[in-house]
Amino acid sequence: MNNEKRVWWKEAVVYQIYPRSFADSNGDGIGDLNGITTHLDYLKNLGIDVIWVSPVYASPNHDNGYDISDYRAIMKEFGTMEDFDRMLEGIHARGMKLVMDLVANHSSDEHAWFVESRKGKDNPYRDYYIWQDGKNGGPPNNWGSCFSGSAWEKDEASGQYYLHLFTKEQPDLNWANPKVREGVFDMMRWWCDKGVDGWRMDVISMIGKENFEDGPVAPGALYGSFEPSCQHTETTHRYLREMRREVLDKYNLLTVGEAGGTVEGAIRYANEDGSELDMIFSFEHNDGLNDGTELGKWSDHGAPLKDVRAAFNRWQTGLQGRAWNTVYLGNHDQPRQVSRYGNDSELFRAVSAKMLATMIHMMRGTPYVYQGEELGMTNAYFTRLDQYEDVEVHNAWHQWVESGLVDGQDMMRWFARIARDNARTPMQWNAEKHAGFTTGTPWLPVTGNYPIINAEREVNDPDSVYHYYRKLIELRHQYPVIVYGEFVPMLEEDPEVYAYARVLDDVRLTVLLNWTERTVSCPLAEELSGHELISNYPTHQAGKLQPYEARVILSKG
Ligand code: GLC
Ligand code: CA
């Protein structure tokens, strides 16, 4: 590991902001750019190096900004370009950087390109999207969209179908058309010239469509999979290398692809040779835990230690020395991490949130903190369908419950466990009305526990989850072994304890994590000697780990 390239984005900690839910500055119930600007000191004090902001571009919001109608304009609800410039200036003035979301697998159906494209087969923009004739009175093939239903929508005027791997308001751009690629690259350069410091690339693994054959149908599924034709294709790798030459190499950026897939794939996307991206997000420790049935993520499936550990260890050891990694548990597409992987009961919430944070922040790779995670925010636990806003939830309800295929109570339980809105409820700033997020009515209800779980309280409490994150981030900035050390799995079969070491030269870091709500025996905890860098308990028991206890010990020689 010693001669590995040392670069700033390997040493950085990234904080993800979901702007709609972060802070509302004008009382309309929707978070906005000025709201973000107001809270930059909060992030600076936490120790954050880079802010990734989910899409802030003009959008009709069928998928909360992931459907962009103008890539060079700011969403009206979020403010103006002047507000953006002020936010960027504020970020840079504090020595932080800004990463934008690149959503270019698809645009909104209200984007000027699609408005033209839809006008007819002869329109010069027709080929900016993927249009095909139907087959046997139906769509061109059997592909299902990620958000339920067919991936094809019929356009009555021309009789042709267009492809949308997400909602029908998100038509897929045709990257095979060089004009589309040039249009996207040009837009990226425009933002980079404005001073943005990087890109998080939305479903970037799907841009290269190689063929349009029917996909395999899982038992009981209603549609076929588009994955063999659209996921991780050679064509996608070719487009990314082109993007690297045309845009990325001209600036000093952080690039992270939303790609998932396998370790082998990641080694291509995020290779040390810098030919494509800097790093990608793995899904094996979250989406990969689904039981693979036709219902996908809608299930009671938990997150057992043995599966989570196997996924992380595979990526940690598989990538090291060959490709850079990301480490994270939560984002705007996942439920709250303490609710999913930890224990959000009153007794264990804080201690298990700290244990999970230790696990992630001591690993190899760039850590991503999702807003509110640093407070130990929990799932929303909505009880009524009308409390949910997410198009994914409503489409799933339509496809599975309204059709009579699934019981509504089961579905509501699965939503409460894993729906994306769990992570999208407003940021909990203080104990005032609506958690200090807005003076108006929030677009999504605030989670009821905000009088106890909120930033103001935690900033004032040295023992809080917030201060624990602060400490973890500080340690990463202080100890090169946390960034560059080799990852060495330990106790790989232990049913209760997740353990690993990090090694750089003569420095060894040992990380012990109790994943249960019981005190468990861990002989290793006794044998260790050295300096304790951090722990979520003030005192320890010989040879044991207390419920959700985390210990990090530094030794030399
Ligand atoms: C990504 C985003 C998700 C969005 C989807 C379509 O998975 O993270 O929020 O719905 O792409 O853009
Ligand atoms: Ca607002």
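Going along each chain's sequence as written, the residues are numbered from 1 onward. By the order in which they are written, chains take letters starting at A while ligands take numbers starting at 1. This being a predicted model, a pLDDT of at least 70 is required before a residue's local features are given, and a value of 80 or more before pairs of side-chain atoms are given or counted; all residues contribute to the totals for chains, interfaces and linings. Note that the side-chain values use all heavy atoms of the structure and ignore hydrogens as well as water.

### Description of the pattern of salt bridges
Here, a salt bridge means any Lys or Arg side-chain nitrogen found within 4 Å of an Asp or Glu carboxyl oxygen. Within this structure, the stated rule accounts for 35 salt bridges. The salt bridge partner of R420 is D63, with a shortest N-O separation of 3.1 Å. Here D63 lies in the loop between β3 (57-58) and β4 (70-74) and R420 lies in the loop between α14 (408-418) and α15 (455-459), a separation of 357 residues in the sequence. Comparing R420 with D63, the two get one shared label, buried. A salt bridge links E242 to R181; the shortest N-O distance between them is 3.1 Å. Separated by 61 residues along the polypeptide, E242 in helix α8 (residues 234-246) and R181 in helix α6 (residues 178-194) bring together distant segments of the chain. The helix and strand labels rest on DSSP assignments: H or I over at least four residues marks a helix, E over at least two residues marks a strand, and numbering proceeds from the N terminus. Exposed residues in this analysis have more than 50% of their type's maximum accessible area, buried residues have under 20%, and partly exposed residues fall in between, with area computed by a 1.4 Å probe over protein chains only.

### Some words on the state of the cysteines
Cysteine sulfur atoms that come within 2.5 Å of each other are treated as a disulfide pair. For the structure shown, the criterion picks out 0 disulfides. No disulfide involves C230; its sulfur sits 9.5 Å from the nearest other cysteine sulfur, which is in C146. The exposure class of C230 is buried, given its relative accessible area of 0%.

### What to know about the site of ligand 1
One heavy atom suffices: a residue is near a molecule or strand as soon as one of its heavy atoms comes within 4 Å of it. Residues in close proximity to ligand 1 total 14 residues, the closest being D63, D202, E258, H332 and D333. Definition of a polar contact: a pair of N or O atoms within 3.5 Å, with one able to donate and the other able to accept a hydrogen when the atoms are protein atoms, and with sequence-neighbouring residues admitted only if both atoms are side-chain atoms. At 3.0 Å from an oxygen atom of ligand 1 is found a side-chain nitrogen or oxygen belonging to R200. At a separation of 2.8 Å, an oxygen atom of ligand 1 approaches a polar side-chain atom of H332. In these tables, accessible area is a Shrake-Rupley quantity obtained with a 1.4 Å probe, and a residue counts as shielded only by the protein chains included in the view. Surface burial for ligand 1 is 96%, taken as the share of its 310 Å² of free accessible area covered by protein chains. A per-class count over the shell around ligand 1 returns 4 nonpolar, 3 polar and 7 charged. Just so you know the grouping, Ala, Val, Leu, Ile, Met, Phe, Trp, Tyr, Cys and Pro go in nonpolar, Asp, Glu, Lys and Arg go in charged, and all remaining residues, Gly too, go in polar.

### Some words on the packing of aromatic side chains
Centres within 6.5 Å are what make two rings of Phe, Tyr or Trp a pair, Trp counting through its six-membered ring; a difference in plane orientation under 30 degrees is then read as stacked, over 60 as edge-to-face, and the rest as tilted. The tally for this structure, following the rule as stated, stands at 32 aromatic pairs. Ring geometry for W131 and Y162: centres 5.5 Å apart, planes at 65°, overall edge-to-face. Of the two residues, W131 is situated in strand β6 (residues 131-132) and Y162 in strand β8 (residues 161-163); the sequence distance between them amounts to 31 residues. Of the two residues, W131 and Y162, both sit in the buried class. The criterion for a charge sitting over a ring is simple: Lys NZ or Arg CZ within 6 Å of the ring centre, and within 35 degrees of the ring normal. If you follow R6 out to its NZ or CZ, it ends over the ring of Y484, 4.3 Å from the centre. If you follow K97 out to its NZ or CZ, it ends over the ring of W8, 4.6 Å from the centre.

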